[in-house]
Amino acid sequence: MFTGLIQHIGKISDIKNSTQGKTIAVSVNMQEFTEFNNVKIGDSIALNGLCTTVISLSGNTFTVNLMNESLKRSNLGNLERLNPVNIELAMGADGRFNGHIVQGHIDTVGIIQKITTDGFSKVFSIQADTKYIVEKGSITLNGVSLTVSKVENGLFEVSLIPHTLKNTTFQFLKEDDFLNVEYDILAKYIEKFTFFKDNNFVNNSSNKIDEKFLLENGF
């Protein structure tokens, strides 16, 4: 599990393509990213929000395999050598929970429509399926835990403070770039428990969340 708090910006140092997927190597600055000294083969590392497994280590570089399903659902398939990537190590059981629940499972890819300035923050307007997005709710973009500031007509907005911009790949992004999107897992579970029966969608009034539903479930 991850929290959406980026620990380091790494760089793609090598890419090997095959019909089975891609193998990419990522290099880090070990003086800045001291936690990397504890990384072992088999550890989970989120790259732009996608949970990957370390398959080899050499100095300041690690490699991971990206299967075709991961390439299809994320922006990692578009990355090239020397491109930056957000890195977060899996959260330890004794770690402090500062972001929100992030699984590292990318749901879809969004497209940046507009970037504007509002005071000291940068506002990113993003086109994506907004089914699971609510204003002031949590969302993960390229592995970064953010708060939704607006949802409207297939677009949503997030505002980033200078610290977040400086310490993530958002500082390099521009309009029309693609972003990995992971929705809040709570929203997906609520839909599952409320509107599905035996893995089939059921659409009737008995499934809606109303006062009766809340009272029957102890609220």
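In what follows, the structure referred to is the one given above.
Residues numbered from 1 in each chain as written. Predicted model: local features only at pLDDT ≥ 70, side-chain atom pairs only at ≥ 80, totals over all residues. Heavy atoms only, no water.

**Some points on the overall build of the protein chain**
Next, step 1: A tally of regular secondary structure across the protein chain gives 4 helices and 14 strands.
Next, step 2: Within the protein chain, the fraction of its 219 residues that count as buried is 38%.
Next, step 3: The contacts of the protein chain with a sequence gap of at least 6 include a subset with a gap of at least 24, amounting to 67%.
Next, step 4: Total accessible area on the protein chain is roughly 12600 Å²; 50% of this is exposed by carbon and sulfur atoms. (Helix = DSSP H or I, 4+ residues; strand = E, 2+ residues; numbered from the N terminus. Buried < 20%, exposed > 50% of the residue type's maximum accessible area, 1.4 Å probe, protein only. Contact = heavy atoms within 4.5 Å. Areas by Shrake-Rupley, 256 points an atom, 1.4 Å probe, with all protein chains shown as cover.)

**Observations concerning empty space enclosed by the protein**
Next, step 1: For the coordinates displayed, the defined rule picks out 1 cavity of 30 Å³ or more.
Next, step 2: For the largest cavity, the calculated volume is near 40 Å³.
Next, step 3: Contributing to the lining of the largest cavity are Phe2, Ile6, Ala46, Gly49, Glu88, Val102, Gly104 and Gly143.
Next, step 4: Per-class residue counts for the lining of the largest cavity are 4 nonpolar, 3 polar and 1 charged. (1 Å grid on protein atoms, 1.4 Å probe; cavity = no way out; pocket = protein on both sides within 12 Å on 5 of 7 lines; lining within 4 Å. Points joined across faces, edges and corners; volume = space filled by probe spheres on them. Nonpolar A, V, L, I, M, F, W, Y, C, P; charged D, E, K, R; others polar.)

**A short note on the packing of aromatic side chains**
Next, step 1: Scanning the model with the defined rule gives 4 aromatic pairs in all.
Next, step 2: Between Phe33 and Phe36, the aromatic rings sit 6.1 Å apart at their centres with planes inclined by 35°, giving tilted as the arrangement.
Next, step 3: Ring geometry for Phe36 against Phe62: centres 5.8 Å apart, planes inclined by 40°, an arrangement best described as tilted. Residue Phe36 is found in the loop between β2 (21-27) and β3 (44-47), and its partner Phe62 is found in strand β5 (residues 61-67); the two are separated by 26 residues along the sequence.
Next, step 4: By way of ring pairs, the aromatic residues Phe33, Phe36 and Phe62 are connected into one cluster. (Phe/Tyr/Trp six-rings, centres within 6.5 Å; stacked < 30°, edge-to-face > 60°.)

**Points about the nonpolar core**
Next, step 1: One finds Val26, Ile45, Leu47, Phe62 and Ile87 to be the most contacted residues of the largest nonpolar core, which totals 21 residues.
Next, step 2: Non-local contacts of Leu47, meaning those with residues more than four positions away in its chain, are made with Ile24, Val26, Thr52, Phe62, Val64, Leu76, Val85, Asn86 and Ile87.
Next, step 3: Judged by nonpolar contacts, the second largest core, of 20 residues, contains Ile112, Leu165, Phe170 and Leu173. (Core = buried A, V, L, I, M, F, W, Y, C linked by side-chain atoms within 4.5 Å.)

**Thoughts on the sheet that holds strand β9 (residues 138-141)**
By way of backbone hydrogen bonds, the strands of a sheet pair with one another, either parallel or antiparallel.
Next, step 1: What the 6 strands build is a closed barrel, ordered β7-β8-β11-β10-β9-β12; its pairing is antiparallel. On average, adjacent strands in this sheet sit at an angle of 45° to one another, irrespective of strand direction.
Next, step 2: In terms of strand pairing, β9 meets strand β10 (residues 144-152) through 4 bridges, oriented antiparallel. Each residue of the ladder has a partner; that of Ile139, found in β10, is Leu146. (Pairing = 2+ DSSP bridges. Axes fitted to C-alpha atoms, helices over the stretch in contact; angles between N-to-C directions.)

**So, the pairing of strand β7 (residues 108-118)**
Next, step 1: Examined bridge by bridge, β7 and strand β12 (residues 178-183) share 4 bridges and lie antiparallel to one another. In the sheet register, Val109 faces β12, and the bridge partner there is Asn180.
Next, step 2: Across 7 bridges, the pairing between β7 and strand β8 (residues 121-127) is antiparallel. Opposite Lys114, over in β8, you have Ser125 as the bridge partner.
Next, step 3: Taken together, β7 and the strand that follows it, β8, pair antiparallel across an intervening segment of 2 residues, in which Gly119 is found at a positive phi of about 65°.

**Quick word on the pattern of salt bridges**
Next, step 1: All chains considered together, the criterion is met by 6 salt bridges.
Next, step 2: As a salt-bridge pair, Lys72 and Glu69 come within 3.3 Å of each other at their nearest N and O atoms. Note that Lys72 and Glu69 are positioned in helix α1 (residues 68-73) at a spacing of 3 residues, about one turn of the helix.
Next, step 3: Given the relative accessible area of 63%, Lys72 is considered exposed.
Next, step 4: A salt bridge links Glu69 to Arg73; the nearest nitrogen and oxygen atoms lie 2.6 Å apart. Here the residue Glu69 and the residue Arg73 both occupy positions in helix α1, the gap between them amounting to 4 residues, near one helical turn.
Next, step 5: Through salt bridges with shared partners, a single network forms among Glu69, Lys72 and Arg73. (Salt bridge = Lys/Arg side-chain N within 4 Å of Asp/Glu carboxyl O.)

**Topic: the environment of Ser70**
Next, step 1: Within the secondary structure, Ser70 is located in helix α1.
Next, step 2: Separated by 19 residues in the primary sequence, Ser70 and Cys51 have C-alpha atoms spaced 9.4 Å apart.

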